[in-house]
Every structure is written in C-alpha cells, then in structure tokens.
Amino acid sequence: MSSSQSTKAPQPRGLPGFLRRTFRNSLEQNILDSPSSAPGTPVLPDDPYNVRSGSVDSDSIGGITNELEIDGGGGRSKSESHISSSAKSGNTLDEANANSIDVSAGSAGIGSASKKHLRAVAFPPLPHEKEGEDSDSTTNSLHSAKATSTAKSQSSNPSLDSKSENSNLSTTSTPPKKSYKEIQFETILSSPIIPLRDLRKLAWNGISPHHRPIIWKILLGYLPANASRHTTTLQRRRREYKDAIKQHYDIPDDSRTNSEQETLRQVLVDVPRTMPEVPLFHNDRVRRCLSRLLYIWAMRHPASSYVQGINDLATPLITVFLSGYFDGKDCLDGEMMADVTDLMLEEVEADTYWCLTNLLAGIQDHYTSDQPGMQRMVMHLEELVNRIDADLATHLRNTGIEFMQFAFKWMNCLLLREFRLSCVMRLWDTYLSEGDGGFEDFHVYVCASFLVHFSNDLQQMGFDELFQFMQNMPTDDWGDREIEILLSSAFVLSTLFGGSEAHLNVVRN
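We now turn to the structure provided with this report. (Residues numbered from 1 in each chain as written. Predicted model: local features only at pLDDT ≥ 70, side-chain atom pairs only at ≥ 80, totals over all residues. Heavy atoms only, no water.)

### As for the overall build of the protein
The cut-off we apply is this: The secondary structure listing takes helices from DSSP runs of H or I that are at least 4 residues long and strands from runs of E that are at least 2 residues long, numbered from the N terminus. A simple rule labels every residue: compare its accessible area, found with a 1.4 Å probe on the protein chains alone, to the largest value its type can have, and call it buried under 20%, exposed over 50%, or partly exposed in between. Whether two residues are in contact is decided by their heavy atoms, any of which lying within 4.5 Å being enough.
Looking only at helices and strands, the protein features 23 helices and 2 strands. Within the span of the protein, comprising 509 residues, buried residues form 44% of the whole. A separation of at least 24 residues holds for 67% of the contacts in the protein among residues at least 6 apart in sequence.

The structure is reproduced here in structure tokens:
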C-alpha cells in the first residue's frame, strides 16, 4: 500500500474491496455508519489498482484477493471464494462470455486478460442512481448469486457455454454488413442508365455472387444499359427462344435432314460427358435444357454448327443464372433442383442461349472450318512464351512437345477443363470486363501466365511425364486467390505486349 494510503485513518476490514475504497474516498462525507452498512450513493473510487487504465501490477492481485474477505469469522461468499481459489491455483478466466465466470485450469498463472476479468468480478459496475435514492442491496446479492450459479453450471458442463453463446448469437444476429464493393455494385445497378465503363472497371476485380447473374447479362449485351428496358427485353427474348424450340427442336425426327440428325446425335452424346465432376450437370432436367439450347444454336449458326467444346462454354452461364433465383448461392451440388420450377428452368435456358450466342459471336472463327481462330491464339501463345520464358520454350522444343498438343484444348474450352467451375466464374468476371477481346486476346495472356507458373517443374520433366502433366494440370486445390494472381500476371503481360505484336518476334538461332 502506498504511503498516501497508509496515512489515512484505519479502515474496517469486513467490507469487500470496492465498498472499502468507496468508504475511504467518502469518509469525510460520513456515508457509512458502520462497517457492515452499504453506501447509500456509491461513488466510483479513484482507481487505486489502475483497473480502468488497464495497467495493473502483480501486487494488485494480491491486494484484491486479500480484500475479498467478508466480516464475520473470516468467511467468504460463494462467488468470492470461487474467484479467489481460482486466482491462487493459477486458473484463468474465459473471456468468451462477458456475463459469466468460466474458470479454466492452467499452470501459467494469471495473465493480464485474467486480471481484467478478476477486477470485473471484484468491482462490478455500479448503477447510476439519482442522489438521495437508496441502492437495493438485495438486487446486488441476487446478481452475485446468479453469476456464481452460472459459473458453476458452466464449469461442470462446458457445452452449456457454447450453447449459450450460440443462442445469444442467433437471437441477436443481424444481416451481414455489405462490403464496399457490393455497395458500389448496387449504386451502379440502381442507375437509370447503367455506366458500362464504371461497371467493367469494378467487375474486373471480381463480382459478388449475388450480383453476378445480372452483371453478366449486361456485359454480354443481353440486357441493355437502360434499366427501364430490362423487363421487356427479357420477356421478348424468352418468347423468341420458345418460338425457336417449336421451330427446330419440337419437330418429328423424320422431318430433320441427315446433317441435322447427325448434329443432334453429337449433342446428345456430348451432354452426358459435360462437367462429369459437377453434380448439377448430372440432373436430367439440366441435361435436357443443355441439349436443347446447343442444338438450337447449331441450327441457327450453320457456318460453324456444333463443335465439341461449346457444351463446356454453356456450363458457367447455366450455373450463374440458376444461382440468381437463390440469392447467388452455390448451385453446383445440385441440391436446389428440387426447388427449381419448370418456369425457372425455362428462363435459365433462354437466358443461357442468348448469352452463349453473344459470347460466341466474338470468337466464332474458333469453331468454323479449320478453326483459324484457335490456331491464331496458339501461335500467339508460343510467341509470347518464347519472349517471357525462353528456357521453358527451348525445353519444350527439345523434348518434342508442340504447343498445339496441349494449348489447343486451352483455347477451345477456355480453360474450363483445367480449373474448377467456381474458379472459371471468377476468371470470366475479368474476361467479360475486358470487352470484346477478353475471351481471345486476354485469354492468351492468361494461358501464358498459367504455363510459366509451372516453368520450374516442367523443365525437369521428360516427354512422357511432361505430356501427362499438361493433360492433367494440378489445379484441384486452386481458388480465387490463385486465379487473381494469374489474372494480375496476365494483366502485366498485356500491358507490355498488347497491341505491339513486333515485341513478340524473337530471332531464333
């Protein structure tokens, strides 16, 4: 005890610490009449133990423990005895429940966090009362008894603590706070005329699942920038697709030409093999929708007709548009199909058809005769890798691996068979934000970054191992973080070489 405290008149030892300090600070006011009486108007002490400042030394614990004695034979109350014994045995108090005393065994002594809790119990907050009113000592006793009872029940049954917390969380849970990006998306989408430039800029870094369905439709040109025309546009395009079903699909088989029958047969063969690892595409209703829209697209685009790989391009669209009916929730497990009505599925099918049509319009030469678009992209990829990683390019040539052997699939399916579908959705957020060149020009830079990412491993492999590695890239554990690193690297490459084809020309010895 400090010298300033020792000079004061001796204080009765029968009171709890917080009452005795109140007595010391209010002695001249003569609040207490006897050692066993309670103060009429409690006043917070001058914090001799530095409780409120948080700076408490080791002697404070001893002082508090000694002062928790109650007059009358040196006995202790139940709650005080429980706390004091816990402090002496080196126990710590659980901070998870601020309203109860959860004592957990430990051997490291009382830490700073435990000291705060000990003080919270030893010096409970005093009620703010009007001057002249008497405090209800009976109420304080009930609160103390309740705290002790709660502490005992929780120490004997730790599961009650977690159940109590979960109950409190469930009753007081509030909707999650929206992120800054979500607020920005909502601001843009609420505009009468949606600013496409601002939307692309914001969507480049990823779109929240809740906003992804409508933003994809806007960026793909399916919905206009004028928000007031969205409803009428959807109604008209969906009605047109229904007419196309009647014209091309719901017809007798004997009325189809041999070419049409062959196209339909190829579609029906490929659809069951589409995304075999995704349960959603095992559903018969989804497969029926996919078969129908692919066949109708082929009938309406005879220049390219149906080509393997187009079926893969439709899967992200179906997944995203279907999630729009469930507030953006993940639909890949297919469990929500029991709640999907026929009308929902018809609308998803129509929206997917029109968005797929607009997507393929920019890369249609990828699927025409001889596929010149694919060959052009593979050639650009080889030139780019020669420029940014000459050692890897040289190793591939010396090993006998041609870029066309592994990169053709990357261009044909837009890496859908290399990544999980959730990663592809994140990838397409950026592709759509890039505009017309996202699925062609920027995709080449993404493929280059993807290949160079494994450069060190590839340069240690022979032909057989390398070829097998290229056919089954180890990306099963990839998530949005790895995709965003890939996109960042691709952006740097596009900044260095985009629009400057001469920079890709490398003089080979």
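Now that the structure has been shown, the text picks up again.
### Concerning the pattern of salt bridges
Threshold: Salt-bridge detection follows one rule: a side-chain nitrogen of Lys or Arg within 4 Å of a carboxyl oxygen of Asp or Glu.
As enumerated under the stated definition, the model contains 17 salt bridges in all. Among the ionic pairs, Arg237 bridges to Glu240, the shortest N-O distance being 3.6 Å. One end of the pair is Arg237 and the other is Glu240, both in helix α11 (residues 230-249) and 3 residues apart, which spans about a single turn. According to the relative accessible area criterion, Arg237 is buried, its value standing at 15%. Note that Arg426 is salt-bridged to Glu484, the shortest N-O span being 3.4 Å. One end of the pair, Arg426, is in helix α19 (residues 421-433); the other, Glu484, is in helix α23 (residues 480-497), and 58 residues separate them in sequence. On the basis of relative accessible area, Glu484 is assigned to the partly exposed category, the value being 34%. Residues joined in a network through salt bridges with shared partners are Lys217, Arg238, Glu347 and Asp351.

### A word on the packing of helix α18 (residues 403-412) against helix α22 (residues 463-471)
Threshold: Between N-to-C directions, angles span 0 to 180 degrees; the directions come from axes that are lines fitted to C-alpha atoms, helices contributing only their stretch in contact. Under this scheme an angle from 65 to 115 degrees is roughly perpendicular, one under 35 degrees roughly parallel, and one over 145 degrees roughly antiparallel; angles in between are oblique. Here the term charged refers only to Asp, Glu, Lys and Arg, the term nonpolar to Ala, Val, Leu, Ile, Met, Phe, Trp, Tyr, Cys and Pro, and the term polar to all other amino acids, Gly among them.
At their nearest, the axes of α18 and α22 sit 10 Å apart, and the two run at 5° to each other. Classified by the interaxial angle, the pair formed by α18 and α22 is roughly parallel. Within the contact between the two elements, α18 uses Gln405, Phe406 and Lys409 and α22 uses Phe467, Met470 and Gln471. In the contact of α18 with α22, the residues fall into 3 nonpolar, 2 polar and 1 charged.

### A word on the packing of α11 against helix α13 (residues 284-300)
It is the contact of α11 with α13, at a shortest axis distance of 10 Å, that shows an interaxial angle of 80°. The orientation of α11 with respect to α13, classified from their angle, is roughly perpendicular. Note on element contacts: α13 touches α11 through Arg292, Leu293, Tyr295, Ile296, Met299 and Arg300, opposite Tyr241, Ala244, Ile245, Gln247, His248 and Tyr249.

### Quick notes on the side chain of Glu349
Topologically, Glu349 is positioned in helix α15 (residues 342-361). Discounting chain neighbours no more than four positions away, the residues touching Glu349 are Tyr241, Ile245, Cys289, Arg292 and Leu293.

### So, the packing of aromatic side chains
Let me state the cut-off plainly: Ring pairs are drawn from Phe, Tyr and Trp, using the six-membered ring of Trp, whenever the two centres fall within 6.5 Å, and their geometry is named by plane angle: stacked under 30 degrees, edge-to-face over 60, tilted for the rest. A ring is scored as having a charge over it whenever the NZ atom of a lysine or the CZ atom of an arginine sits within 6 Å of its centre and within 35 degrees of its normal.
The full count for this structure, using the stated rule, is 19 aromatic pairs. Relative to Trp354, the ring of Tyr353 lies with its centre 5.0 Å away and its plane at 75°, an arrangement referred to as edge-to-face. The burial state of Tyr353 is the same as that of Trp354; both residues are buried. Look at Tyr431 and Phe439: their rings are 5.3 Å apart centre to centre, the planes differ by 75°, and that puts the pair in the edge-to-face class. Classification of Tyr431 as buried rests on a relative accessible area of 0%. Through a chain of ring-to-ring contacts, the aromatic side chains of Phe403, Phe406, Trp410, Phe419, Phe450, Phe454, Phe469 and Trp478 assemble into a single cluster. The aromatic ring of Phe321 is capped on one face by Lys217, whose charged end is 5.0 Å from the ring centroid. One Lys or Arg, Arg237, reaches over the ring of Trp354 and ends 4.0 Å from the middle of that ring.

### A closer look at the environment of Asp253
Relative to the elements of secondary structure, Asp253 occurs in the loop between α11 and α12 (258-270). On a C-alpha basis, the gap between Asp253 and Leu264 in space is 10.0 Å, while along the polypeptide they are 11 residues apart.

### Structural notes on α18
Within the span of α18, buried status applies to Phe403, Phe406, Ala407, Trp410, Met411 and Asn412. Summarising the contacts, the buried residues of α18 are in contact with α14 (310-323), α16 (372-388), α17 (390-399), α20 (441-453) and α22. Following α18 by one or two positions, Leu414 has its phi on the positive side, about 55°.

### Some details on the side chain of Arg256
Its location among the elements puts Arg256 in the loop between α11 and α12. Discounting chain neighbours no more than four positions away, the residues touching Arg256 are His248, Tyr249, Ile251, Gln261, Leu264 and Tyr295.

### Quick notes on a nonpolar patch on the surface
Note the threshold: Patches here are clusters of residues that have more than 30% relative accessible area and form no salt bridge, with a 9 Å joining cutoff for like charges and a 5 Å cutoff for nonpolar side chains (Val, Leu, Ile, Met, Phe, Trp, Tyr). To be clear on the numbers: accessible area is Shrake-Rupley with a 1.4 Å probe, and residue cover counts the displayed protein chains and nothing else.
There is a patch of nonpolar side chains on the surface, built from Phe491, Val492 and Leu496 and spanning about 280 Å² of accessible area. Assignment of secondary structure puts Leu496 in helix α23.

### Quick word on unusual backbone geometry
Phi at Ser305 is positive, roughly 55°, even though this residue is not glycine. Backbone geometry places Asp370, a non-glycine residue, at a positive phi of 70°. In this structure, Asp370 sits in the loop between α15 and α16. By relative accessible area, which is 63% here, Asp370 ends up exposed.

### Some points on the environment of Gly462
Among the structural elements, Gly462 can be located in the loop between α21 (455-458) and α22. Taking the C-alpha atoms as reference, Gly462 lies 9.4 Å from Gly400; in sequence the two are 62 residues apart.

### With respect to α16
Our working definition: In a helix, the anticipated span is given by 1.5 Å times the number of residues less one.
Between its first and last C-alpha atoms α16 spans 25 Å; for 17 residues at 1.5 Å apiece the expected length is 24 Å, and the two agree. Those residues of α16 not exposed but buried are Gly373, Met374, Met377, Val378, Leu381, Leu384, Val385 and Asn386. Where α16 is buried, its residues meet α17, α18, α20 and α23.

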